[in-house]
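# Architecture at a glance
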Amino acid sequence: MTNTAKKTIAMAKLVNLASALEAVGIETDIMEINGGSPLLMADLWNCEDGSTIRLEVCADSSDNYAIQTAAHPIQDINDYLKELMGL
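Keep in mind the model is a prediction, meaning the values are calculated, not measured.

## A word on the pairing of strand S1 (residues 28–33)
Here S1 pairs with strand S2 (residues 37–45) via six bridges, running antiparallel. Directly across from Thr 28, in S2, lies its bridge partner Ala 42. Taking the residues between adjacent antiparallel strands as the criterion, S1 and S2 are bridged by three residues, where Asn 34 takes a positive phi near 45°.

Below is the structure:
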């Protein structure tokens with residue numbers, strides 16, 4: 001299977017996931033990062049403390065578009081960006 005076909009299949013999986021999440025009221029964004037790796041992001045509510053957790057689902061182009069997932073507390077992301085920008 002070609003990389004184009006693998007990317008198309010991975011993108012279809014992310015679009016299907018986005019549709020399912022949006023059907024239950026969770027907004028999503030899909031974009032490409034790192035030279036063409038499709039990425040889905042959705043902000044989820046943490047019921048333990050009321051904070052927001054960012055769900056990230058990526059089809060890594062450097063790994064034959066294998067699906068990888070991660071979840072990050074938004075505050076950790078904001079703190080990292082402030083540190084990175086020297087604020």
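## Side note on the sheet that holds strand S4 (residues 66–73)
The sheet built from four strands is open, its strands ordered S1-S2-S3-S4 with antiparallel pairing. Each edge of the sheet is formed by a strand with only one pairing partner; in this case those strands are S1 and S4. Taken over all neighbouring pairs, the strand axes of this sheet differ in orientation by 20° on average, direction set aside. Bridge analysis of strand S3 (residues 52–60) against S4 gives eight bridges, and the strand direction is antiparallel.

## What to know about unusual backbone geometry
For Asn 34, which is not glycine, the phi dihedral falls at a positive 45°. Within the secondary structure, Asn 34 sits in the loop between S1 and S2. The phi dihedral of Asn 64 falls on the positive side, at around 55°, and the residue is not glycine. By secondary structure assignment, the location of Asn 64 is in the loop between S3 and S4.

## Description of the pattern of salt bridges
Side chains that carry opposite charge are capable of pairing whenever their charged atoms lie near each other. The full count for this structure, using the stated rule, is two salt bridges. Notably, a salt bridge pairs Glu 32 with Lys 7, separated by 3.1 Å at the nearest N-O pair. On the criterion of sequence distance, the pair formed by Glu 32 in strand S1 and Lys 7 in helix H1 (residues 3–23) is long-range, its members being 25 residues apart. Judged by its relative accessible area of 45%, Glu 32 is partly exposed. Overall, Lys 7 belongs to the partly exposed group, its relative accessible area being 23%. Put simply, Asp 43 and Arg 54 hold a salt bridge, and the shortest N to O gap is 2.7 Å. Separated by 11 residues along the polypeptide, Asp 43 in strand S2 and Arg 54 in strand S3 bring together distant segments of the chain.

Rules and cut-offs
- Residues numbered from 1 in each chain as written.
- Predicted model: local features only at pLDDT ≥ 70, side-chain atom pairs only at ≥ 80, totals over all residues.
- Heavy atoms only, no water.
- Pairing = 2+ DSSP bridges.
- Helix = DSSP H or I, 4+ residues; strand = E, 2+ residues; numbered from the N terminus.
- Axes fitted to C-alpha atoms, helices over the stretch in contact; angles between N-to-C directions.
- Salt bridge = Lys/Arg side-chain N within 4 Å of Asp/Glu carboxyl O.
- Buried < 20%, exposed > 50% of the residue type's maximum accessible area, 1.4 Å probe, protein only.

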